[in-house]
Amino acid sequence: MSERIPAGGPFRASTGMHDSLNLEHLSEAKGLLYTYCPGDFCEEYLARVRKTALLVAKSRLYDLSYDENYAGIDRDVLSLYNKLVELYADYLSGLLVNYGEDIVVRVLHPFSLDGIIVEPGETLPLSLGRGIGLILAGLAEPVRETAIKLPSND
């Protein structure tokens, strides 16, 4: 049962041997879901498959995210993960402008924020999670530090 859940299963994932995720894998996972749910084993099945899928997902993100040749249907998720890691690294490195604990973002596209329409070009201090979420969605960009001292060659 676990051999094909998901994309090669937990045993292959634990050794870094990930299959390229495709529609066949998703169809098989849905087929198993419909086999056990509804039914007497549904709750147990869901608990086990969810736990397994979380472990496999973490392994796939770690192992496949920087594989430029990977072409599975989840490639966009891996790219998004890379961008998240890079933004977070920039934050930890002090490369992003912050306002207290918040980061400052520049709006790229209009959107509603707490009932207020923000327009392109506006800069906003936002919580780290909200700011990075908007950046990942392509609605904003981070404001980066400009007063970085470079070491002199003296």
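Residues numbered from 1 in each chain as written. Predicted model: local features only at pLDDT ≥ 70, side-chain atom pairs only at ≥ 80, totals over all residues. Heavy atoms only, no water.

Colleague: Help me get a handle on the overall build of the protein, residues and values and all.
Modeller: Helices and strands together make up the secondary structure of the protein, namely 5 helices and 6 strands. Reading the secondary structure of the protein in the N-to-C direction produces α-α-α-α-β-β-β-β-β-α-β. Long-range pairs, those at least 24 residues apart, make up 51% of the contacts in the protein with a sequence separation of at least 6. Roughly 10,500 Å² of accessible area belongs to the protein as shown, and the carbon and sulfur atoms make up 58% of that amount. (Helix = DSSP H or I, 4+ residues; strand = E, 2+ residues; numbered from the N terminus. Contact = heavy atoms within 4.5 Å. Areas by Shrake-Rupley, 256 points an atom, 1.4 Å probe, with all protein chains shown as cover.)

Colleague: Describe the packing of helix α2 (residues 23–36) against helix α3 (residues 42–64), with residues and values.
Modeller: Between α2 and α3, the shortest axis-to-axis distance is 9 Å and the interhelical angle comes to 150°. What the angle tells us is that α2 and α3 run roughly antiparallel. Listed contacts from α3 to Ala29, Leu32, Leu33 and Tyr36 of α2 are Cys42, Tyr45 and Leu46. Here the contact of α2 with α3 is composed, by residue class, of 7 nonpolar, no polar and no charged. (Axes fitted to C-alpha atoms, helices over the stretch in contact; angles between N-to-C directions. Parallel < 35°, antiparallel > 145°, perpendicular 65-115°, else oblique. Nonpolar A, V, L, I, M, F, W, Y, C, P; charged D, E, K, R; others polar.)

Colleague: So what about the state of the cysteines? Which residues, and what values?
Modeller: Counted according to the given criterion, the structure contains 1 disulfide. The residue that forms a disulfide with Cys37 is Cys42, at a sulfur-sulfur distance of 2.0 Å. Sign of the S-S torsion, about 100° for the bond between Cys37 and Cys42, identifies this disulfide as right-handed. (Disulfide = S-S within 2.5 Å.)

Colleague: Give me the nonpolar core: which residues, what numbers.
Modeller: Among the nonpolar cores identified, the biggest contains 13 residues, and Val105, Phe111, Leu124, Leu126 and Ile135 are the most heavily contacted of them. Elements with a minimum of two residues in this core: β2 (102–107), β3 (111–113), β5 (123–126) and α5 (128–136). Apart from the residues lying within four places of it in its own chain, the contact partners of Val105 are Glu122, Thr123, Leu124, Leu126, Gly131, Ile135, Ala140, Glu141 and Val143. (Core = buried A, V, L, I, M, F, W, Y, C linked by side-chain atoms within 4.5 Å. Buried < 20%, exposed > 50% of the residue type's maximum accessible area, 1.4 Å probe, protein only.)

Colleague: Which residues make up the pairing of β2, and what values do they have?
Modeller: Sheet analysis places strand β1 (residues 98–99) next to β2, joined by 2 bridges and oriented antiparallel. In the strand pairing of β2, Asn98 is matched with Ile103. Hairpin connection, β1 to β2: the antiparallel pair is bridged by 2 residues, and Gly100 has positive phi, about 65°. Bridging between β2 and β5 involves 4 bridges; their strand directions are antiparallel. Residue pairing in the sheet places Arg106 in a bridge with Thr123 of β5. (Pairing = 2+ DSSP bridges.)

Colleague: Describe a nonpolar patch on the surface, and please don't skip the residues or the numbers.
Modeller: A cluster of nonpolar side chains, contributed by Leu23, Leu26 and Ile73, occupies part of the molecular surface with about 290 Å² of accessible area. By the secondary structure assignment, Ile73 is in the loop between α3 and α4 (75–92). Given a relative accessible area of 49%, Ile73 falls into the partly exposed group. (Patch = residues over 30% accessible without salt bridge, like charges linked within 9 Å, V, L, I, M, F, W, Y side chains within 5 Å. Salt bridge = Lys/Arg side-chain N within 4 Å of Asp/Glu carboxyl O.)

Colleague: Outline the packing of aromatic side chains, supporting the account with residue identities and numerical values.
Modeller: The tally for this structure, following the rule as stated, stands at 1 aromatic pair. Taking the centre distance of 4.8 Å and the plane angle of 20° together, the rings of Tyr36 and Tyr45 count as stacked. With relative accessibility at 27%, the residue Tyr36 sits in the partly exposed group. (Phe/Tyr/Trp six-rings, centres within 6.5 Å; stacked < 30°, edge-to-face > 60°.)

Colleague: Go over the pattern of salt bridges with me, naming the residues and quoting the values.
Modeller: As enumerated under the stated definition, the model contains 5 salt bridges in all. The residue Glu44 makes a salt bridge to Arg48 at a minimum N-O spacing of 2.5 Å. Taken as a pair, Glu44 and Arg48 lie in helix α3 at a separation of 4 residues, close to a single helical turn. Salt-bridge contacts for Asp114 lead to Arg130; the nearest nitrogen and oxygen are separated by 3.0 Å.

By themselves, these figures tell us nothing about what the structure is for.
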